[in-house]
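# Secondary and tertiary structure notes
Single-letter residue listing:
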Amino acid sequence: MAQAMRPNTAGGLFATDGKPHPLQDTLLAVTLVLGVTAFVTAMFHNLHLLSSWTGLVGILTGAYGQWISETTRERFGLILGLGAAAVGFFLGMAHGGLFGGVIS
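Below is a summary of the structure that appears in this document. (Residues numbered from 1 in each chain as written. Predicted model: local features only at pLDDT ≥ 70, side-chain atom pairs only at ≥ 80, totals over all residues. Heavy atoms only, no water.)

## Brief notes about the packing of aromatic side chains
The line we're drawing: To pair, rings of Phe, Tyr and Trp, with the six-membered ring standing in for Trp, must have centres within 6.5 Å; the planes then decide the type, stacked if under 30 degrees apart, edge-to-face if over 60, and tilted in the middle. Working definition: helices are DSSP H or I runs of at least four residues, strands are E runs of at least two. Numbering for both runs from the N terminus.
Enumeration according to the criterion identifies three aromatic pairs in this entry. With centroids separated by 5.6 Å and ring planes inclined at 75°, the aromatic side chains of Trp53 and Phe99 adopt a geometry described as edge-to-face. Placement of the pair is Trp53 in helix H2 (residues 48-68) and Phe99 in the segment after helix H3 (72-95), with a sequence separation of 46 residues. Look at Tyr64 and Trp67: their rings are 5.8 Å apart centre to centre, the planes differ by 55°, and that puts the pair in the tilted class. Placement of both Tyr64 and Trp67 in helix H2 is noted, with a separation of three residues, approximately one turn of the helix.

## Considerations on the packing of helix H1 (residues 22-41) against H2
Stated formally: Here, axes are lines fitted to C-alpha atoms. For helices the fit covers the stretch in contact, and angles between N-to-C directions go from 0 to 180 degrees. Oblique is the label for any angle not under 35 degrees, not over 145, and not in the 65 to 115 range, which are roughly parallel, roughly antiparallel and roughly perpendicular in turn. By convention, the crossing between two helices is left-handed when the near helix turns anticlockwise from the far helix through less than a right angle, and right-handed when the turn is clockwise. Contacts between residues were defined by any pair of non-hydrogen atoms, one from each residue, lying within 4.5 Å. When residue character is reported, Ala, Val, Leu, Ile, Met, Phe, Trp, Tyr, Cys and Pro are called nonpolar, Asp, Glu, Lys and Arg charged, and the others, Gly included, polar.
Two elements in contact, H1 and H2, have axes whose closest approach is 8 Å; the angle formed by their N-to-C orientations is 155°. Considering the angle they form, H1 stands roughly antiparallel to H2. Both H1 and H2 take part in a crossing whose hand is left-handed. Contacts between H1 and H2 pair Leu23, Gln24, Leu27, Val30, Thr31, Leu34, Thr37, Ala38 and Thr41 from the former with Leu50, Ser51, Thr54, Gly55, Val57, Gly58, Thr61, Gly62, Tyr64, Gly65 and Ile68 from the latter. Per-class residue counts for the contact of H1 with H2 are nine nonpolar, 11 polar and no charged.

## Comments concerning a nonpolar patch on the surface
Rule in force here: Candidate patch residues must exceed 30% relative accessible area and have no salt bridge, after which like charges are joined if within 9 Å and Val, Leu, Ile, Met, Phe, Trp or Tyr side chains if within 5 Å. For the area figures, the Shrake-Rupley method with a 1.4 Å probe applies, and any residue is considered shielded solely by the protein chains shown. A pairing counts as a salt bridge when a side-chain nitrogen of Lys or Arg comes within 4 Å of a carboxyl oxygen of Asp or Glu.
Taken together, the side chains of Val36, Phe39, Val40, Met43, Phe44, Leu47, Leu50, Val87 and Leu91 present a nonpolar region at the surface, about 730 Å² in accessible area. Contributions of two or more residues to the nonpolar patch are made by H1 and H3. The greatest single-element share of the nonpolar patch, amounting to three residues, is contributed by H1. Following the sequence through the fold, Leu47 ends up in the loop between H1 and H2.

## Brief notes about the packing of H1 against H3
Contact geometry for H1 and H3: axes closest at 7 Å, N-to-C directions at 30°. Our classification of the angle between H1 and H3 gives roughly parallel. For H1 against H3, the interelement crossing comes out left-handed. Listed contacts from H3 to Gln24, Asp25, Leu27, Leu28, Thr31, Leu32, Gly35, Val36, Ala38 and Phe39 of H1 are Glu74, Gly77, Leu78, Leu80, Gly81, Leu82, Ala84, Ala85, Val87 and Gly88. Counted by class, the contact of H1 with H3 contains 12 nonpolar, six polar and two charged residues.

Okay, here's the thing in structure tokens:
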């Protein structure tokens, strides 16, 4: 059972294979920021444009990040960002949508 106690010597926080993944880490950070922004702004009815657009872009960046991700840690963060972006997007759509109030 000595192998179970082996320390993790990987360099990065999200790269468990020891290799750098700058594109995947960038997509992870962008998806998390967009997801949190969409989720928080979705709680306010008058910010539906911001929440719906950031949610939509967060869903797209998160989906692409999932497609090219290489480690489980990257995928875990992407799923959190995708979930927050999706909730923000759907609440933003319910409050007025992508173009609600702009086009008469």
